[in-house]
Each structure stands twice: as structure tokens, then as C-alpha cells.
Amino acid sequence: LQSDNVAERIKWKALQAKDLFERSLKINPANDSAKVGLGACYLFGGISTTPMEGILKIREVAERDSTNIYAQMMLARGSLISGQYDKAISRLESVNRIKPADIDAILLLAEVYERMGEKGKAVSWYQKSLPLAREAELKMAIEKRIEELKK
């Protein structure tokens, strides 16, 4: 949902995923991943008039288990959407403490700092991601971004 650019397709995907997550929760109501996934459908799929509906579902999991990386990442992405960069940073730093080798969290931290205009911090986080980048194309893109930020 987060990487698609076609609104109709995003909504269709979100509705399909919502149905599947709801079915999963009927089978196992304690499935935190399904709860977070369902919340993400609301948050990123445009299937609700109130994005808070999705946030509340995800937050329920995060408040019960602050080490749930999936929930923390979704809440961080939600914070990015709403421009709440400080909240995003806080959640992403928590993920980094729990799982220091999570390249997605590190790259997202770099992006947040970049959006905030804090180039030095952005560069630092991008540099931390380099040893974790397995694909040569990704590593080259990160190196290029670092060089652009240093100008």
C-alpha cells in the first residue's frame, strides 16, 4: 500500500487485505501482527474517513508490547504522514535500540532527519545503514545520497 501510486488500486488492495486480516482475527483474536496489519490498511489504504481508526488498532498492540517492531514501524510511518517528525524519531530510535540491524528503521530515521533539514544527522544514519545494505544498487544509492547531503 505504501509504495503504490494508483489510488484505486491502493483502495482495492487495502479492502482485500482488510478482509483477510479480519478473517485471521476471527480465527485468532490475539494475533498482534494481524491487528497491526488491519490498522495499516486503514492508515495507508484510504478506506476510512478517520486515519485514527488505524492508528488506534496499531497503538493497542504497541502499548501492550512496546518491543513490537512491526507496530512501532507502522506508528512511525503514520507519524511521518502527519508530519509529526519528533514522534517518528522517537519510535524509530526505539526500534533501533531493540533491533540495531533493522535497515528499514535506520533508513527511515535518515529520511526523517533529512526532511527536518538536519543533514548531519541524516548523513550519520545513512552511514550506519551502509554495512547493512546487501544489494549493490541500494548501497550505491545510499552513498550517492550521502554525497548529495554533504554538499
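Structure shown above.
Parameters and conventions
- Residues numbered from 1 in each chain as written.
- Predicted model: local features only at pLDDT ≥ 70, side-chain atom pairs only at ≥ 80, totals over all residues.
- Heavy atoms only, no water.
- Helix = DSSP H or I, 4+ residues; strand = E, 2+ residues; numbered from the N terminus.
- Expected span 1.5 Å × (residues − 1).
- Buried < 20%, exposed > 50% of the residue type's maximum accessible area, 1.4 Å probe, protein only.
- Contact = heavy atoms within 4.5 Å.
- Salt bridge = Lys/Arg side-chain N within 4 Å of Asp/Glu carboxyl O.

With 13 residues, helix α6 (residues 103–115) should cover 18 Å at 1.5 Å per step; its first-to-last C-alpha distance of 18 Å lies within 8% of that length. Of the positions making up α6, those classed as buried are I103, A105, I106, L108, L109, A110, V112 and Y113. Where α6 is buried, its residues contact α4 (69–81), α5 (85–98), α7 (119–129) and α8 (136–150). Following α6 by one or two positions, G117 has its phi on the positive side, about 85 degrees.

In this section: the pattern of salt bridges. A side chain with one charge can pair with a side chain of the opposite charge if their charged atoms come near. The tally for this structure, following the rule as stated, stands at 11 salt bridges. Across the salt bridge formed by E22 and K18, the nearest N and O atoms sit 3.0 Å from each other. One end of the pair, E22, and the other, K18, are both in helix α1 (residues 7–27), four residues apart, so they sit about a helical turn from each other. Owing to a relative accessible area of 28%, E22 belongs among the partly exposed residues under this scheme. One salt bridge connects R115 with E111, and the closest N-O pair in it is separated by 2.6 Å. In this pair, R115 and E111 are both assigned in helix α6, four residues apart and thus about one turn of the helix distant. Its relative accessible area of 43% is what places R115 among the partly exposed residues. A residue is classified by how much of its surface remains accessible, and E111, at 29% relative accessible area, is partly exposed.

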